[in-house]
Amino acid sequence: MPGVGVLILMAVVGAVICAKVRVPAGAVVFSLIALVLFVATPAGRDVPAAIGSFLSTFDDAATPVLNGEGSNVTG
């Protein structure tokens with residue numbers, strides 16, 4: 001799909017225009033379209049894996065603290 005870069009650019013421009021005229025729903029829709037198009041490209045195919053890795057690391061770090069298993073530091 002050779003024109004995907006143009007489609008991403010147009011979606012970003014649409015989001016900016018919607019944000020300038022204060023239409024938040026339109027800006028969100030255009031941003032999601034741009035994100036989906038970017039993830040569909042070879043450059044963006046690793047984005048879901050990177051987000052999953054980040055969330056997994058965050059969960060691994062937060063779970064012991066939320067369960068009360070973290071270090072009990074008293075000062």
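Parameters and conventions
Residues numbered from 1 in each chain as written. Predicted model: local features only at pLDDT ≥ 70, side-chain atom pairs only at ≥ 80, totals over all residues. Heavy atoms only, no water. Helix = DSSP H or I, 4+ residues; strand = E, 2+ residues; numbered from the N terminus. Buried < 20%, exposed > 50% of the residue type's maximum accessible area, 1.4 Å probe, protein only. Polar contact = N/O pair within 3.5 Å; in protein donor to acceptor, adjacent residues only side chain to side chain. Contact = heavy atoms within 4.5 Å. pLDDT = per-residue confidence, 0-100. Phe/Tyr/Trp six-rings, centres within 6.5 Å; stacked < 30°, edge-to-face > 60°.

**Comments concerning the overall build of the chain**
And step 1. Helices and strands together make up the secondary structure of the chain, namely three helices and zero strands.
And step 2. Scanning the chain from its N terminus toward the C terminus, one meets helices and strands in the order α-α-α.
And step 3. Expressed as a percentage of the 75 residues in the chain, the buried residues total 16%.

**Examining the side chain of Thr41**
And step 1. Within the element layout of this structure, Thr41 appears in the loop between α2 (24-39) and α3 (47-66).
And step 2. What makes Thr41 buried here is its relative accessible area of 12%.
And step 3. Among the polar contacts listed, one links the side chain of Thr41 to the backbone oxygen of Phe38, at a separation of 2.6 Å.
And step 4. Beyond its immediate chain neighbours, meaning those up to four positions away, Thr41 contacts Val4 and Ile8.

**Quick notes on the confidence of the model for the chain**
And step 1. Predicted confidence across the chain gives a mean pLDDT of 87, with 89% of residues reaching 70 or more.
And step 2. Ranking the helices and strands of the chain by mean pLDDT puts α2 first, with 93, and α3 last, with 89.

**A closer look at the packing of aromatic side chains**
And step 1. Taken as a whole and assessed by the stated rule, the structure comprises one aromatic pair.
And step 2. For the ring pair Phe54 and Phe58, a centre distance of 6.4 Å and an interplane angle of 25 degrees mean the geometry is stacked. Here Phe54 and its partner Phe58 are both found in helix α3, four residues apart, which amounts to about one turn of the helix.
And step 3. By relative accessible area, Phe54 is classed as exposed at 54%.

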